Amino acid sequence: MRTDQLISTFVEYYEERGHRRITGSTLLPPPGDSVLFTTSGMHPLTPYLEGRPHPLGKRLVNVQRCLRTTDLDEVGDATHLTVFEMLGTWSLGDYGGPLSLDWGYGLLTEGLGIDPGRLHATVHAGDGRTGPDTASLELWQGLGVPVEPTVEDNWWPNSPDGTDGSDRPVGPCGPDSEIFLWSGEGPPQSTPTRDDRWVEVWNHVMMTHRRRADGSLVPLPRRNVDTGLGLERLASLLQGKPSVFACDVFDPWRRLVPPLWPLEEPDCRLVSDHLRSAVVVLGDGVRPANTGRGYVLRRLVRRVLTVLWREDPSRSLGDLPEELVRHTVDHFRQDIRPAEVLRMLREEEHRFRRLLERGRHVLTRPRFQGTLTEEDFHYLHDTHGLPRDLITSLRQE
C-alpha cells in the first residue's frame, strides 16, 4: 500500500465514523504557540482541545506535516525523520479513549490487513498523582492484544516540547495508549519496552488534564482524545521495508542520490532527510538566518554539507537534481518553484564555504590554540559568526 493509498484509507475510515477532514497547516505553528515548528498534529488544534468549539464539530481527522529538531541525532536509523507527516484524529468532548482504541484496532486489522498477532499495546500504569488507565487496559485485554503498563512512557507529553521556556511541559496532557507493530523476523517476542523490534506506530492520548507551569495538574472541563499515526513509519512496515527511507516517498531519493554522491548508508539517509526537510521548510516560507526557524534551516543545510565535504570538498548542492525538489514540493502541496529552492540552497552553500574559510583563519590565532573558554565561544560567535558546533568541528580537522 503506497502512502497516498494509506492516507485515503485512513481518512475515509474516519469520515465513515462521523469525522470531518480539516486542512493540515504548514510547518509554521499558529500565532502564540511557543514552538518554532509544528511538531504534532495537535498543535494547530490547541485552542479547541482547551475548550473552544471547532467550526466543523467534535470529530475531526487530518494529515499534518511536522518537524522535530529533538530527533536530529536519531536521523539515519530505521524510524526517525526530521520532516514527516502525521495522520491524526480528534474527539473534542465526544467519545472516549476505549472507542478510539477500538476503531484504531479495526483500521489496522480490517482496513489495512495487519495480522492482529503482530500488535502490542502499552497503557499508563498510574503514578503518585493519577491512577492507572484501566479503561484502555480492559479494552486491549478484551481484543486479545498483549498490553504492557508503563508510567513515564505513557503520559503525554513527557518531553519539554511546547513549553513556556521552562523544562516542564505545559498545556493539555493525559495518559496515552501506544500501539506497536512487530518488525522482526519470526513470531513476536518480549514487550515494547524490552525489544526495539516493536515499532510504535500510533499514539492515542486521552486529554484529561492541563499541566501548569509549576507542574501541577488541573482536570480539563471537557475530556478529549488526540491520536497521531506516523505516515512514513507505518507505510514502511506495511510495504515490508527495513526503514522509513525505503518506503515509497523516498523512491526518487534512493534512485538519484547514491549515483550523485556515493555515501555510506547512514550518511545517505541523513543527506536525503535533511535536504528533503530543507526543501519543505523553504517551501513554507522560512529563509536561512542566525536565529529561530531560519537557524534550524541553516543547521540542516550545514549538516548536509559537512557530510558531503568530508570525503570530497568539491561536492555542491548545485548538482542536486531538480526532480527531487519538484517531487518534494508536489508531495507537500507547496507553491514554490524548484529553481528558486535550488538557488537558495546554493546561496547558503556559498555562505557556509566563506564562513568555514574565515573560521579556519581565526582559529589559527594563538589565543585559540588551547582549551577554549565560554568567553572565547561567545567572542567567536558574536564577532565572527562562528557557532559552537562549527568551532568544535573545525578544531577536529
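In case you missed it, the structure is sitting above this.
Throughout what follows, the structure given in this document is the object of discussion. Remember, it's a predicted structure, so these values are computed and weren't measured experimentally.

Taken as a whole, this structure holds 23 salt bridges when the rule is applied. As a salt-bridge pair, Glu348 and Arg298 come within 2.5 Å of each other at their nearest N and O atoms. Taken together, the positions of Glu348 in helix H10 (residues 338–362) and Arg298 in helix H8 (residues 292–311) put the pair 50 residues apart, joining distant regions of the chain. With respect to burial, Glu348 and Arg298 carry one shared label: buried. As a salt-bridge pair, Glu322 and Arg326 come within 2.5 Å of each other at their nearest N and O atoms.

This part covers empty space enclosed by the protein. Within the structure shown, the criterion is met by one cavity of 30 Å³ or more. The computed volume of the largest cavity comes to approximately 30 Å³. Of all the secondary structure elements, the ones that give two or more residues to the lining of the largest cavity are H8 and H10. A total of three residues in the lining of the largest cavity trace back to one element, the largest contributor, which is H10. Within the lining of the largest cavity, the residues separate by chemical class into six nonpolar, no polar and one charged.

This paragraph deals with the packing of aromatic side chains. A ring pair, where both rings are aromatic, is described by two values, the distance of the centres and the angle of the planes. Under the criterion given, the structure shown has nine aromatic pairs. Ring geometry for Tyr13 versus Tyr14: centroids 5.2 Å apart, planes at 75 degrees, classification edge-to-face. Ring plane angle 15 degrees and centroid distance 5.8 Å describe the contact between Trp309 and Phe352, whose orientation is recorded as stacked. One end of the pair, Trp309, is in helix H8; the other, Phe352, is in helix H10, with 43 residues separating them in the sequence. Note on Trp309: relative accessible area 11%, which makes it buried. Taken together, the aromatic side chains of Phe10, Tyr13, Tyr14 and Trp202 make up a single cluster linked through ring pairs. The aromatic ring of Phe250 is capped on one face by Arg276, whose charged end is 4.8 Å from the ring centroid.

Cut-offs applied
Residues numbered from 1 in each chain as written. Predicted model: local features only at pLDDT ≥ 70, side-chain atom pairs only at ≥ 80, totals over all residues. Heavy atoms only, no water. Salt bridge = Lys/Arg side-chain N within 4 Å of Asp/Glu carboxyl O. Helix = DSSP H or I, 4+ residues; strand = E, 2+ residues; numbered from the N terminus. Buried < 20%, exposed > 50% of the residue type's maximum accessible area, 1.4 Å probe, protein only. 1 Å grid on protein atoms, 1.4 Å probe; cavity = no way out; pocket = protein on both sides within 12 Å on 5 of 7 lines; lining within 4 Å. Points joined across faces, edges and corners; volume = space filled by probe spheres on them. Nonpolar A, V, L, I, M, F, W, Y, C, P; charged D, E, K, R; others polar. Phe/Tyr/Trp six-rings, centres within 6.5 Å; stacked < 30°, edge-to-face > 60°. Lys NZ or Arg CZ within 6 Å of the ring centre and 35° of its normal.

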